[in-house]
Structures are given as structure tokens and as C-alpha cells.
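What follows is the residue order along each chain.
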Amino acid sequence: MAETQQTLTAEDQRAAPAVPSEETLAHLLDLGRAMLVSGADVNLVESWIQRLGMAAGAVDMNVFVITSSIVVTMQLPNGRHLTQTRRIAGSCTDFQKLEELHKLSMDCEQGTISTAQLAQRIEELDRQSIPAPFLYLGGILAAGGFAVFFGGTLVDGLVSAMFGVVICLMMQFVRPFAPNTTIFNYLASLVPGLGIAALCTAVPDLHLDQIMMGDVMILIPGIAITNSLRDVLAGDTIAGILRLAESLLWAGAMALGFITAMLVVSTVCGVIPWT
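Residues numbered from 1 in each chain as written. Predicted model: local features only at pLDDT ≥ 70, side-chain atom pairs only at ≥ 80, totals over all residues. Heavy atoms only, no water.

### Examining the overall build of the chain
So the rule is basically this: Helix numbering and strand numbering both begin at the N terminus, where a helix is a DSSP run of H or I of at least 4 residues and a strand a DSSP run of E of at least 2. The globule rule used here is 2.2 Å times the number of residues to the 0.38 power, and the radius of gyration it is set against is calculated over C-alpha atoms. By the convention used here, residues are in contact when the closest approach between their heavy atoms is within 4.5 Å. Areas reported here follow the Shrake-Rupley algorithm with a probe of radius 1.4 Å; residue values treat only the protein chains shown as occluding. We treat Lys and Arg as the positive residues and Asp and Glu as the negative residues; His and chain ends play no part in the count. Taken as the charge location is NZ of Lys, CZ of Arg, CG of Asp or CD of Glu.
Counting its regular elements, the chain contains 11 helices and 3 strands. The order of helices and strands in the chain, counted from the N terminus, is α-α-α-β-β-β-α-α-α-α-α-α-α-α. Taking 275 residues into account, the globule formula puts the C-alpha radius of gyration at 19 Å, and the chain, at 25 Å, lies well above it. With the C-alpha coordinates of the chain rotated into their principal frame, the extents come out at 100 × 35 × 30 Å. Counted over contacts in the chain with a minimum sequence separation of 6, partners at least 24 positions apart contribute 63%. In the form shown here, the chain has an accessible surface area of approximately 14,600 Å², with 63% of it arising from carbon and sulfur atoms. Across the chain, the mean location of the 13 positive side-chain charges is 3 Å away from that of the 24 negative side-chain charges.

Right, here's the structure in full:
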């Protein structure tokens, strides 16, 4: 009789649903941070945190996400509430990583992997970066192609592509040490801007405006601005306005960098290179 009771107890324990813990909630916040940094919109992040929390055994999930912070309160079956916050710093749009995170979230919701395994895979994705050949190839094609698209000559496209490589080098080696994206955009536009303005001063046949427009397309936060408008239209007004203000700061810093470069070269050389 005692053996039968022990067997039933063990079976009941195996059949009982898992109770989420502080660690489970932390893993969900890791997922939200990774998705937000990779370029996901606020609605998507809130939806997946809520869905995975309910799948983990929570009774209710209250999720609040903006571009710089995630706040989640999870209600457990015993009535206890767990609350955690996560500060979000920096962002780098990576749709390939976002797609992989989406697949991992689906696997976790279906029970294929646990939240602990999900967190481990997120750490592995965080250590991955865009392969250098693809980064430089993308910079060359974007800068050179847009310079010609905006009316530049083939030579202008080649020069723009050359300075696009400079920007990619700064993305790879300078960006990790920059305090924020605003400062990096200023530096990443100032350095190639000085070279472009000096070269156009020495070679009058080059077109400074088309060359710079090609390189601008590498740094301009077009996706971030689009995401901000999407957030506003989806009803996340606070997150959308914050993202829009941040994007405008990035764009302003980039423009200021190129303007500073032109003013410096024109002052030093005594020639205005954009006339």
C-alpha cells in the first residue's frame, strides 16, 4: 500500500505543470532584449514574452516594453508575483538574428526546448557577428550603388565605395568602443567626410555631393525611423516617439559630421569643395 502511494505521488509530481521561477523570467527578459536590439518592434517583443510566460505556467503576464527598458510582472499559480526589469543599451538591426530568435521562441513555446536552453542559444547568438566579407561587400555595394543612383559618375561610385570601406572598418573596430550610437555616427561621418572633401578639393572633376550621399546611405537610420512610425501606428506611442527621437539624433550627428568635415577642409585649403 505504501509502495502504491509512493508511486502515485511520483507520477503526480511528473504530471504536475512546471512552476516558473525568477530564473525563467530572467530568460524571457534575455529573449526580449535580444529581439529588441536586433530590430524587433515593441508589439512583437511584448507578444513573445507574454506567450512564453503563459506557456511556462504563469497565470498572468504584464509586459511593458520601450526601446530602452523592459518591465515584466509574472503571476504564478500560487498567487505570487515576480517582477523584473531590463535596461536596453544599444541596437543594431540584424534581421537574420531576429529570424533565428523567432524560431527559437516558437520552439520554446511548443516545448521543444526549455527556457534555460533558450537563454543558452541567445548567448550564442549574441557572440555572433556579421561576417567581415559580407559587411564590406554590403558597404561597397550600398555606397557605390547609391552614389551612381543619385546622379554621380562611375568614378564617383568607385570613390564612394572606397570610403564606404572606411566606414565599415570603423563599424568593426571603433563602434565597440564608442559610448553610444550618436557619437559613433558623428565620428563615422567625420573621418570619411574629411577624406572625401580633401579628395574633391584636389580633383575638381569629382562630385562631392553624390559621393557623400552614397556613404550617407550606410549610416542613415532608415529602418529605425520606419520602426518608430510602425510603433506609433500600432498604438505604442511612447516607444515610437522615443525611437523616433533617438533616430533623429543619430541622423543629426551623421549630418553634423559631414558638415564639420567640409568646413574644416574649406578652412584649411581655402577652397570650397562643394561648389
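### A word on the pairing of strand β1 (residues 60-66)
So the rule is basically this: Strands are treated as partners if at least two bridges between them are detected by DSSP.
Across 7 bridges, the pairing between β1 and strand β2 (residues 69-75) is antiparallel. Across the sheet, V65 pairs through a bridge with I70, a residue of β2. Counting the residues in the hairpin turn of β1 and β2 gives 2 residues.

### Focus: the pairing of β2
Relative to strand β3 (residues 81-87), β2 is paired through 7 bridges, and the arrangement is antiparallel. Across the sheet, Q75 pairs through a bridge with H81, a residue of β3. With antiparallel pairing between neighbouring strands as the criterion, β2 and β3 make up a hairpin whose turn holds 5 residues, including G79 at a positive phi of roughly 90 degrees.

### As for the environment of L158
In this fold, L158 is placed in helix α7 (residues 154-173). For the pair formed by L158 and L141, sequence separation is 17 residues and the distance between their alpha carbons is 9.8 Å.

### Quick word on the nonpolar core
For clarity, the cut-off: Take the buried residues of types Ala, Val, Leu, Ile, Met, Phe, Trp, Tyr and Cys, join any two whose side-chain atoms come within 4.5 Å, and each joined set is a nonpolar core. Relative accessibility decides the category of a residue: with a 1.4 Å probe and only protein chains considered, values under 20% of the type maximum give buried, values over 50% give exposed, and everything between is partly exposed.
Membership of the largest hydrophobic core comes to 33 residues, with the highest contact counts inside it found for M35, V45, I49, M61, I70, V72 and L118. Put simply, the parts of the chain that give this core at least two residues each are α2 (22-37), α3 (42-55), β1, β2, α4 (95-109) and α5 (115-127). The element contributing the most residues to this core is α2, with 7 residues. Among all residues touching V72, those that are not within four sequence positions of it are L25, L29, I49, M61, N62, V63, L82, T83 and Q84. If you look at the next biggest cluster of nonpolar residues, it comprises 22 residues, including F163, A178, F184 and I211.

### Side note on the sheet that holds β3
Under the convention used in this document: To obtain an axis, a line is fitted to C-alpha atoms, over the contacting stretch when the element is a helix, and the angle between two such axes runs from 0 to 180 degrees between their N-to-C directions.
The antiparallel open sheet is built from 3 strands, whose spatial order is β1-β2-β3. Only two strands of the sheet have a single neighbouring strand rather than two, namely β1 and β3. Looking at each pair of strands side by side, their axes are set apart by 10 degrees on average, direction ignored. Sitting on the sheet, α3 touches β1 and β2, and the angle it makes with β1 is about 155 degrees.

### Concerning the side chain of H27
Within the fold, H27 resides in helix α2. When residues no more than four places from it in sequence are discounted, the contact partners of H27 are T115, A116 and A119.

### Overview of the side chain of K97
Quick reminder of the rule: Salt bridge, as used here: a side-chain nitrogen of Lys or Arg that lies within 4 Å of a carboxyl oxygen of Asp or Glu.
Checked against the element boundaries, K97 lands in helix α4. Among buried charged residues, K97 stands out as having no salt bridge; its nearest opposite-charge side chain is D94, 4.6 Å away. Once residues within four sequence positions are removed from consideration, K97 is found in contact with S38, L125, D126 and Q128.

### Points about α7
So the rule is basically this: Given a helix with a known number of residues, its expected span is that number minus one, times 1.5 Å.
Between the first and last C-alpha of α7 there are 29 Å, a value that for 20 residues agrees with the 28 Å anticipated at 1.5 Å per step. Along α7, the positions that sit buried rather than exposed are D156, G157, V159, S160, A161, F163, G164, I167, C168 and M170. Of the surrounding elements, those touching the buried residues of α7 are α6 (132-149), α8 (181-202) and α9 (208-219).

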